[in-house]
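# Coordinates in review
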Amino acid sequence: MHFFIDQEKLTEQAEADAYGPDSTDSTNKYNITSRFQLTEEAKAFAVQGCMMIVQESTDDPNGSLVNLILKPCFQDGVIADVKYYVYRGILKSSLINGTDIAPQAADNNELIARIWDEAPTDTGFGTLGFDNNTLSGSLEVESILDNTNPNVKAIYVKEGEWIGTFTDAHKIGFEVLLRTTRFTIDLNYIRKGSHQIDIVGFSGFAEQTKRDEILDFLDPAAFFGLHSRIKVSYSEYSPDKIVKKTSTSPANDQFIYTKLLDNFYTRNKVYLDIRGEKGYSYNLYQNYDDGSGNSIRLRYLQETNATAMPFSTNSWPIITLQDNQPSQDSDNSVFVELRIDDNLRPIIFMPNPFFKQRKRSSKYIKGDEINTDISEIITETEWSKELQFNFLNIGQGATRSNIANFIQFYYFRQVHNANDPDTVLLNEKYYDSAFCSIDIPNLGDTSVVIKEAKSPHPIYVREPLDELNGIGNFGLTMNTGAFWDSQGIIFHSTINYEYTAKTSEKEFINTFTHKLDLDSGDYRVSQLLERMEIICRAYSIGGQSIKIPSINFYKSIGIPGADVGRNHKENAILLGLTLDELASIKNSTSLNSYHDRYVHLEPDSNNPFTDGDSKRYFKYTLKLQGMLLVQNTPQIVAPTHNNPITVYSRDNQFFSSQLFSENIDLTSGVTDEIEFYTYEDGCIKITDNIDFALVRDVQNIYFRYKDENNLVTDIFNTSIEMANKMERKRGNSGEIPNVPSGFVQTEDYTDDNVPGVSATFSYQNNAGDVVTEGSFNVRRYNNLRKKKFLVKGVTNSSTAGNGDITNFFGNQDLGFELEFRNTLRLYANPLLTAVIIGALARFNGDVICQGFAYIDGSSYPSAEHVNGKALDTDYFSTLDNNVNFILALNAFGFNKFRIGNDAVHDEIYTDDRLSSIQDKIIPDENNYHDGHLHSTDVIQKENCDHTL
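Being a predicted model, the structure only gives us computed values, none of them experimental.

How each quantity is defined
- Residues numbered from 1 in each chain as written.
- Predicted model: local features only at pLDDT ≥ 70, side-chain atom pairs only at ≥ 80, totals over all residues.
- Heavy atoms only, no water.
- Helix = DSSP H or I, 4+ residues; strand = E, 2+ residues; numbered from the N terminus.
- Rg over C-alpha atoms; globule rule 2.2 N^0.38 Å.
- Pairing = 2+ DSSP bridges.
- Core = buried A, V, L, I, M, F, W, Y, C linked by side-chain atoms within 4.5 Å.
- Buried < 20%, exposed > 50% of the residue type's maximum accessible area, 1.4 Å probe, protein only.
- Expected span 1.5 Å × (residues − 1).
- Contact = heavy atoms within 4.5 Å.
- Axes fitted to C-alpha atoms, helices over the stretch in contact; angles between N-to-C directions.
- Parallel < 35°, antiparallel > 145°, perpendicular 65-115°, else oblique.
- Left-handed = near helix turned anticlockwise from the far one by under 90°.
- Nonpolar A, V, L, I, M, F, W, Y, C, P; charged D, E, K, R; others polar.
- Salt bridge = Lys/Arg side-chain N within 4 Å of Asp/Glu carboxyl O.
- Phe/Tyr/Trp six-rings, centres within 6.5 Å; stacked < 30°, edge-to-face > 60°.
- Lys NZ or Arg CZ within 6 Å of the ring centre and 35° of its normal.
- Lys, Arg positive; Asp, Glu negative; His and termini not counted.

## Considering the overall build of the protein
Within the protein one finds 13 helices and 57 strands. Over its C-alpha trace the protein gives a radius of gyration of 32 Å, about what one expects of a compact globule, namely 30 Å for 948 residues.

Next up, the structure:
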């Protein structure tokens, strides 16, 4: 990132010209343009690589000045989410001469020189986005920046390129506009000499939302100060151009404060920008109040007591920190307390966590960092704990000045509060308010070139755990937006940042390719299309065949902020409507235009339904949520159109109307069975990733193997069993001296007459915890209140007292058989089952198995076998077989092996054939695995190119 002007020519800024509250009317007017009166002309530089247009300025009636608007092409190296930069007061002659660009000359700026060097075929001023005021001032700048105007085109400017010359005859200005959807920027805005937000004439909720407009801009001093830690480029001429970078050391004469910020009147202002739901200011809804009108408490490091105050500075919804502070290091600090009130379980999301005092590796502040004790019932009159934020300072000695900066965070809710005041938007279910505003400018407009909308603000999507059905238990920050074509629109919410302790733990398994198609160039190059697969099936509903799509895969791996290696199912939510349906709800007039309106999905009270073929689906009525016209209170209303819009879902992640899904192809080659396909090359794919927790009726899963000739072999099918997710701590901490009170016997494993089984009796309490007695003492398995799914891998049993249960995955054509011995742990998770099929087929031999887990999810005596996520097998009599079996297991996804710790097993550990995975083989110091190989940690193979 480059500084916007030749810093040597920047003069000291007057208070009246500074960004922020107007010095003559600070409560009603807010300066957005940071202005300067130069004493000599100065070079203007492009802050980033941008598309630029030029407009004539109204500041000079003689027409000697132009203003520039630059739209960044990318955000590399820039911390803030900037949509535009505006330069006001550029000499027209430095860019334009008559009806053409400035003529070729030795003193051309770098932009004009580059244009001439490239031998332009068109030298008209329209190539700079200049129209000589022939275009209507109400025309949106995007209609030029998208290059659809045949005569007026945007031009690309390079980062750090000299793009014009600032005048010294009039005040110049610079603005940083953050990405916003609250208003559009038109040519009149660009042509002005400066911009100011004025709330005179506004009152009530209209005034509150008008004041919120300041949050769509950023003080240029704070913007550059925000980049202190990563450095900012600037240019010097002596006489040739030299590009330098600011220093991070205050002692260096190139330090950003002394080199670039010192002339700003606001050079010592640090802005505290706190947002609530939907990106509006922290207390827009007036739901945080200590009873005296205060919603925040602040103190500096040297102060003992915090000061309670409204969340505002001069009545504007932002806190400005400017006082010098005693400090002995490079940081100053502020301590903040927020109201709990109706937000009983707050969580804070910080886009830039380097301001945090602790745990800077996480963008969240959560749990007991905010509340005194998250296990207690929080009252609605409490303050949060003190939160400390640090920011850079300047100076020597005991008292130091702030360096201009910008601290922003979102104060989200982790739980729904049934007692929320009637000023707050309803957000009860994860899907009911998960999509972007329908009032984003140009949303659904087929005439615009860019058929994509993005909300600038993340949202927090959460769902408490439903222990009965095993769903929920997640919370994550998501980005929202939409794509559309001439027929339909898809709203999407996708992961921004994951709360790793709050995930459903339900993961997408690799599946077959079926892309959701939209005839939109923006969608076709999007991450959404690249990362997502769908499945679409027909349902017999009310005598009609209705297509219902669902998300069959969403790849979260590789997204910064996602849990490494996990494609959690909650990380994507979709809503599909036709453009006619969108138009009908956008035309609704019962809600206030000052506040954004959002889709609200109201579930049918009879959910879930069963279609004519006994397949389960869900119905929702689409409504709108926003503010009422008169009372200015939140309200959910039916859109004002003829017929209610019903949306359907089969996975409660993809919601779509019947008309939208009519244009989606049914997924070919897939039956209504849930099928696992194991391929000979190590790939595993499932046909239908529908959340098993929604399949509460009897449901079978089918396991099939495909060889190198694509020949399919049916292995077996079995029912899906839902079990509590269990945990046992490793080592002695998992052992207890005896069975505690409150546990009732549920299993007598001795009745099965299978010798060698180490467990004897199992007990459960009302919470679902399991305690098992056996030859390894008493061990406890705790119910984590979540659900996992298991399959019983026995197709033909023989339990005549000889300890054998045979023909697990047995298949003569593929040449393998897995035989249980000395175990009753017969249940594995479905993915692990599919992986074992591939490993057995590659190994091509018989294997003796010592089991997985019990049906209740416990796995006495093991800690790692819980919920069927590990496999125990007997060793073979030859080294070759031992090595080849481990290689086969690894080829299909096993990534951790525990082996014995003696001379016999040293041969395995040191075998050269296993050298590439030796870090995955762990000799057991306690000799627990001298008698069997323990295999676990299945990771799916990626980039599997197979079709049904």
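## As for the sheet that holds strand β20 (residues 319-321)
Strands pair in a sheet through their backbones, by hydrogen bonds, and they do so in one of two ways: parallel or antiparallel. Across the sheet, five strands lie side by side as β20-β17-β27-β23-β24; this open sheet has mixed pairing. Pairing within the sheet leaves two strands with one partner each, and these edge strands are β20 and β24 (364-365). Of the pairings in the sheet, the one linking strand β23 (residues 346-349) to strand β27 (residues 405-413) comprises four bridges and is antiparallel in character. Each bridged residue has a counterpart across the sheet, and for Ile348 the counterpart in β27 is Tyr411.

## What about the nonpolar core?
Grouped together as the largest cluster of nonpolar side chains are 112 residues, with contacts concentrated most on Phe4, Tyr85, Tyr87 and Phe223. Counting residues in hydrophobic clusters, the runner-up holds 59 residues, among them Leu443, Met478, Cys536 and Ala562.

## Focus: unusual backbone geometry
The omega torsion of the bond from Asn607 to Pro608 falls at -5°, within 30 degrees of zero and hence cis. Note that Pro608 resides in the loop between β35 (598-603) and β36 (609-610). The phi torsion at Ala119 lies on the positive side, around 50°, for a residue other than glycine. Under the relative-accessibility criterion, Ala119 is labelled exposed at 56%. Even without a glycine there, the phi angle at Lys278 is positive, about 65°. Within the secondary structure, Lys278 sits in the loop between β17 (270-275) and β18 (296-300). We classify Lys278 as buried; its relative accessible area is 9%.

## Regarding helix α12 (residues 879-891)
Here α12 is 13 residues long and its end C-alpha atoms lie 18 Å apart, about the 18 Å a rise of 1.5 Å per residue gives. Here α12 has its buried residues at Asn882, Val883, Phe885, Ile886, Ala888, Leu889 and Asn890. Against the buried residues of α12 lie α11 (830-843), β53 (846-851), β54 (871-873), β55 (894-899), α13 (903-909) and β57 (933-938). Once α12 finishes, Gly893 follows within two positions and takes phi at roughly 130°, a positive value.

## Quick notes on the packing of α11 against α12
Helix packing geometry: the angle between the two helix axes and the distance between the axes. Axis separation between α11 and α12 bottoms out at 8 Å; the angle between their running directions is 140°. Judged by the angle between their axes, α11 and α12 are oblique. The hand of the α11/α12 crossing is right-handed. From α11, Ala839, Leu840, Arg842 and Phe843 reach across to α12, where they touch Asn881, Asn884, Phe885, Ala888, Leu889 and Ala891. Here the residues of the contact of α11 with α12 are counted per class, giving seven nonpolar, two polar and one charged.

## Looking at the pattern of salt bridges
In total, this model carries 52 salt bridges according to the counting rule given. In this structure, Lys241 engages Glu110 in a salt bridge whose closest nitrogen and oxygen atoms are separated by 2.8 Å. One end of the pair, Lys241, is in strand β16 (residues 241-245); the other, Glu110, is in helix α1 (residues 110-117), and 131 residues separate them in sequence. Between Lys359 and Glu369 there is a salt bridge, with the nearest N and O atoms lying 4.0 Å from each other. Highlighted residues: Lys359 in the loop between β23 and β24 and Glu369 in the loop between β24 and β25 (387-394), separated in sequence by 10 residues. Note on Lys359: relative accessible area 46%, which makes it partly exposed. Each of Arg537, Lys615, Arg650, Asp672 and Asp688 takes part in salt bridges that share partners, so that together they form one network.

## Some details on the pairing of strand β11 (residues 162-166)
Here is the key point about a regular strand: its side chains alternate between the two faces of the sheet. Of all five residues making up β11, five are buried, and the element is well covered by its neighbours. Sheet topology places strand β4 (residues 42-45) next to β11; four bridges connect them, and they run antiparallel. Note on β11: the bridge partner recorded for Phe45 is Trp162.

## Things to note about the sheet that holds strand β21 (residues 325-326)
Taken in spatial order, the six strands of this open sheet run β19-β18-β22-β25-β26-β21, and their pairing is antiparallel. Each of the sheet's edge strands pairs with one partner strand only, and the pair in question is β19 (307-309) and β21. Both β18 and β19 contribute to a ladder of three bridges, which runs antiparallel. Across the sheet, residue Ile296 finds its bridge partner in β19, namely Met309.

## Section: the packing of aromatic side chains
Applying the stated rule across the entire model yields 52 aromatic pairs. Taking the centre distance of 4.9 Å and the plane angle of 80° together, the rings of Phe125 and Phe130 count as edge-to-face. The exposure class of Phe130 is buried, given its relative accessible area of 1%. The ring centre of Trp316 lies 4.6 Å from the NZ or CZ of Arg211, which sits over that ring. One cation-aromatic arrangement involves Lys278 over Tyr598; the distance from NZ or CZ to the ring centre is 4.3 Å.

## What about the pairing of strand β29 (residues 459-463)?
In terms of burial, β29 is largely enclosed, as five of its five residues are buried. Covered by surrounding structure in β29 are Ile459, Val461 and Glu463 together with Tyr460 and Arg462, the residues of both alternating faces. Two strands pair when backbone bridges link them, and β29 and strand β30 (residues 474-484) are joined in this way by five bridges, in the antiparallel orientation. Looking at β30, one finds that Val461 is bridged to Leu476.

## Here's the deal with the side chain of Lys43
With respect to the helices and strands, Lys43 occurs in strand β4. This buried residue, Lys43, is left without a salt bridge; Asp6 holds the nearest opposite charge, at 5.0 Å. Excluding anything up to four places from it in sequence, Lys43 contacts Phe4, Ile5, Asp6, Trp162, Gly164, Phe166 and Tyr237.

## Re helix α4 (residues 204-211)
Where α4 is concerned, the buried positions are Phe205, Ala206, Thr209, Lys210 and Arg211. Buried residues belonging to α4 abut β13 (196-198) and β37 (616-627).

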